[in-house]
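# Descriptive analysis of the structure
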Amino acid sequence: MLHWGVLGLGNISGRFMKSLEYSEEGKLYAVSSYTKEKREKFAREHENVKIYDNYTQLLEDKDVDVVYIALRHQDHYQWAKQALLNNKAVLCEKPATLTYAQTKELCDIAKKKHTFFMEAMKSRFIPMVNELKKSVAEGVIGDITRIETSFCSDVPYNEKSYLFDKHQGGALYDVSIYNIATILDFIKSNVKSIDVQWKKDYNVDVYDYVEVTFESGQTALIECAIDRQKDKAMTIYGTKGKIVAEPFYRPTKAVVYFNDGESYTGEMPYVHDDFYGEIDATHQGIAYIKVESERMSHQDSLDCIKLMEMIKEKFHG
């Protein structure tokens, strides 16, 4: 039985811990938060779980096998690095870091320490997504020509929220990783050009409309926002038809439309919930003494942050 330690007691951590309860391979062993109120609330609701008031103590606990990091974006790198150096396997919320160099360093440390490290890209482990991957590979809609993705939410301004911190906030850092990881899951080609239109407010990018052209001739749309509500949909265009899925990062249903006018709908439920797949993948990686997951590899994380950096550079270009 693997003992999990969780850094941070926010909403995402709560959802993760509920999903972990479904597992027979791992259990919640310890949590850590610098916020007294959160620690006290957690203590009232959970028995037999260690509670630390700082992250270092948790990472130095010899009985912690694997760590889930659900902190602010800019904190991921520091604490993922310290966890790996303490020989803890790591599942780190996305984006794993804010720069290519930091992500590369974490991957290198994981390899050197022979310790599992994975960015928590849950969309890669959703059953419906993997069924779409299979269908596309089988040529159901022919060759992919274009993918359009949209992840837009209307988030009220909060000056204390990291989402509006000019160093780590904005739509690109918060949600575009879903668009990017999904697109790069289906299109395997180097980027040829990027065209960016964006809106800035509160010192961060609140809306991004990004057109990407690949060397293969395929194109993609990355639309993301924290200032407007829109369907979180994906359309994969092929030479024989198209596939529409919503919400694209955790769909349970997708519709295939063929050029001849025919269509059909496929449905596939989650295994327990939308977090369980990445938890199970982490357990499997550790069990087979791997340093990465084939489904969300170190290279996948590097490819994602590389494209994100290329887009970010366009903000200042």
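Within each chain, residues carry numbers counting from 1 in the order of the written sequence. Thresholds applied to this predicted model are a pLDDT of at least 70 for local features of residues and 80 or more for the giving and counting of side-chain atom pairs; totals over whole chains, interfaces and linings are not thresholded and use all residues. Hydrogens and waters are ignored; side-chain quantities use all the structure's heavy atoms.

### Remarks on the overall build of the protein chain
We count it as follows: In DSSP terms, a helix is any run of H or I states spanning at least four residues, a strand is any run of E spanning at least two, and both are numbered starting from the N terminus. Think of it in three bands: with a 1.4 Å probe and only protein chains considered, a residue is buried below 20% of the maximum accessible area for its type, exposed above 50%, and partly exposed in between. Whether two residues touch is decided by their heavy atoms; if any such pair falls within 4.5 Å, the residues are in contact. The charge count includes Lys and Arg as positive and Asp and Glu as negative, but it does not include His or the ends of the chains. Charged side chains are reduced to one point each, which is NZ for Lys, CZ for Arg, CG for Asp and CD for Glu.
Assigned secondary structure in the protein chain consists of 9 helices and 14 strands. Considering only C-alpha atoms, the protein chain reaches an extent of 60 × 40 × 40 Å along its principal axes. Counting over 317 residues, the protein chain shows a buried share of 54%. Long-range contacts, defined here as pairs at least 24 residues apart, represent 66% of the contacts in the protein chain between residues at least 6 apart. Here the protein chain carries 41 positive and 49 negative side-chain charges, and the mean point of each set is 3 Å from the other.

### Focus: the sheet that holds strand S2 (residues 26–32)
Rules: DSSP bridges decide pairing: two strands pair if at least two such bridges lie between them. Axis lines are fitted through C-alpha atoms, for helices just across the contact stretch, and the angle between N-to-C directions can take any value from 0 to 180 degrees.
Pairing is parallel in the open sheet, where 6 strands are placed in the order S3-S2-S1-S4-S5-S6. Because the sheet does not close on itself, it has two edges, and the strands there are strand S3 (50–52) and strand S6 (117–119). With direction set aside, neighbouring strand axes in the sheet form an average angle of 20°. In the packing of helix H8 (residues 276–287) onto the sheet, contacts are made with strand S1 (2–7), S2, strand S4 (66–69), strand S5 (89–92) and S6, and the angle to S1 comes to roughly 130°.

### Thoughts on the environment of Lys230
Residue position: Lys230 is located in the loop between strand S10 (219–225) and strand S11 (234–238). Setting aside residues up to four positions removed in sequence, Lys230 forms contacts with Ser150, Cys152 and Glu223.

### Concerning the pairing of strand S8 (residues 191–201)
Where S8 meets strand S9 (residues 204–214), 10 bridges bridge the pair, whose relative direction is antiparallel. Residue pairing for S9: Gln197 is matched across the bridge by Tyr209. The turn joining S8 and S9, which pair antiparallel and follow one another in sequence, is formed by 2 residues; a positive phi near 55° is taken by Tyr202.

### Let's talk about the sheet that holds S8
Read across the open sheet, the 8 strands follow the order S8-S9-S10-S7-S11-S12-S13-S14; overall the sheet is mixed. Two strands in the sheet have a free side with no partner beyond their single neighbour: S8 and strand S14 (263–267). Mean inter-strand twist for the sheet, computed between neighbouring axes without regard to direction, equals 10°. Where strand S12 (residues 241–245) meets strand S13 (residues 253–258), 5 bridges bridge the pair, whose relative direction is antiparallel. Bridge pairing links Ala245 to Ala254 in S13. Helix H9 (residues 298–315) rests against S8, S9 and S10 of the sheet, and its axis sits at about 55° to S8.

### A word on the packing of aromatic side chains
How two aromatic rings sit relative to each other is given by the distance of their centres and the angle of their planes. Put simply, the test is: Within 6.5 Å between ring centres, the rings of Phe, Tyr and Trp (the latter by its six-membered ring) count as paired, and their orientation is classed by plane angle as stacked under 30 degrees, edge-to-face over 60, tilted in between.
Under the criterion given, the structure shown has 14 aromatic pairs. Measuring from centroid to centroid gives 3.8 Å for Phe16 and Tyr68, while their planes differ by 10°, and the two rings are stacked. Residue Phe16 is found in helix H1 (residues 11–20), and its partner Tyr68 is found in strand S4; the two are separated by 52 residues along the sequence. Note on accessibility: Phe16 and Tyr68 belong to one class, buried. Taken together, a centroid distance of 4.9 Å and an interplanar angle of 75° make the contact between Tyr157 and Phe164 edge-to-face. The class of Tyr157 is partly exposed, set by a relative accessible area of 42%.

### What to know about H8
Note the threshold: Given the number of residues in a helix, its expected span is that number minus one, multiplied by 1.5 Å.
Given a rise of 1.5 Å per residue, 12 residues ought to cover 16 Å, and the 16 Å separating the end C-alpha atoms of H8 matches this to within 8%. Looking only at H8, the buried set comprises Tyr276, Gly277, Glu278, Ile279, Ala281, Thr282, His283 and Gly285. Elements that come into contact with the buried residues of H8 comprise S1, H1, S2, S4, S5 and S6. Where H8 terminates, the next one or two residues include Ile289, which has phi positive at roughly 55°.

### Quick notes on H9
Compared with the 26 Å implied by 1.5 Å per residue over 18 residues, the 26 Å span of H9 between its first and last C-alpha is a close match. Regarding H9, the residues found buried are His298, Asp300, Ser301, Leu302, Cys304, Ile305, Leu307, Met308, Ile311 and Phe315. In this structure, the buried residues of H9 make contact with helix H5 (100–113), S6, helix H7 (171–186), S8, S9 and S10.

### Some words on the environment of Val31
By the element assignment, Val31 lies in strand S2. By relative accessible area, Val31 is classed as buried at 0%. Apart from residues lying up to four places away in sequence, Val31 is in contact with Val6, Leu9, Met17, Phe42, Val49, Lys50, Ile51, Tyr52 and Leu58.

### Thoughts on the nonpolar core
Cut-off, in case you're wondering: Residues belong to one nonpolar core when they are buried, are Ala, Val, Leu, Ile, Met, Phe, Trp, Tyr or Cys, and are joined through side-chain atoms within 4.5 Å.
If you look at the biggest cluster of nonpolar residues, it comprises 74 residues, and the most contacted ones within it are Phe16 and Ile311. If you look at the next biggest cluster of nonpolar residues, it comprises 24 residues, including Leu71, Tyr77, Ala83 and Ala96.

### Re the packing of H7 against H9
We apply this condition: The scheme is simple: roughly parallel for angles under 35 degrees, roughly antiparallel for over 145, roughly perpendicular for 65 to 115, oblique for anything else. The crossing is said to be left-handed when, going from far helix to near helix, the turn is anticlockwise and less than a right angle, and right-handed when the turn is clockwise. Asp, Glu, Lys and Arg are counted as charged, while Ala, Val, Leu, Ile, Met, Phe, Trp, Tyr, Cys and Pro are counted as nonpolar; the rest, among them Gly, fall into the polar class.
At a minimum axis distance of 9 Å, the contact between H7 and H9 shows a crossing angle of 125°. In this view, H7 runs oblique relative to H9, as classed from their interaxial angle. Handedness of the H7/H9 crossing: right-handed. Of the residues in H9, those touching H7 at Leu172, Tyr173, Ser176, Ile177, Ile180, Ala181 and Leu184 are Asp303, Cys304, Leu307, Met308, Ile311, Lys312 and Phe315. Each residue belonging to the contact of H7 with H9 can be placed in one class, and the counts come to 11 nonpolar, 1 polar and 2 charged.

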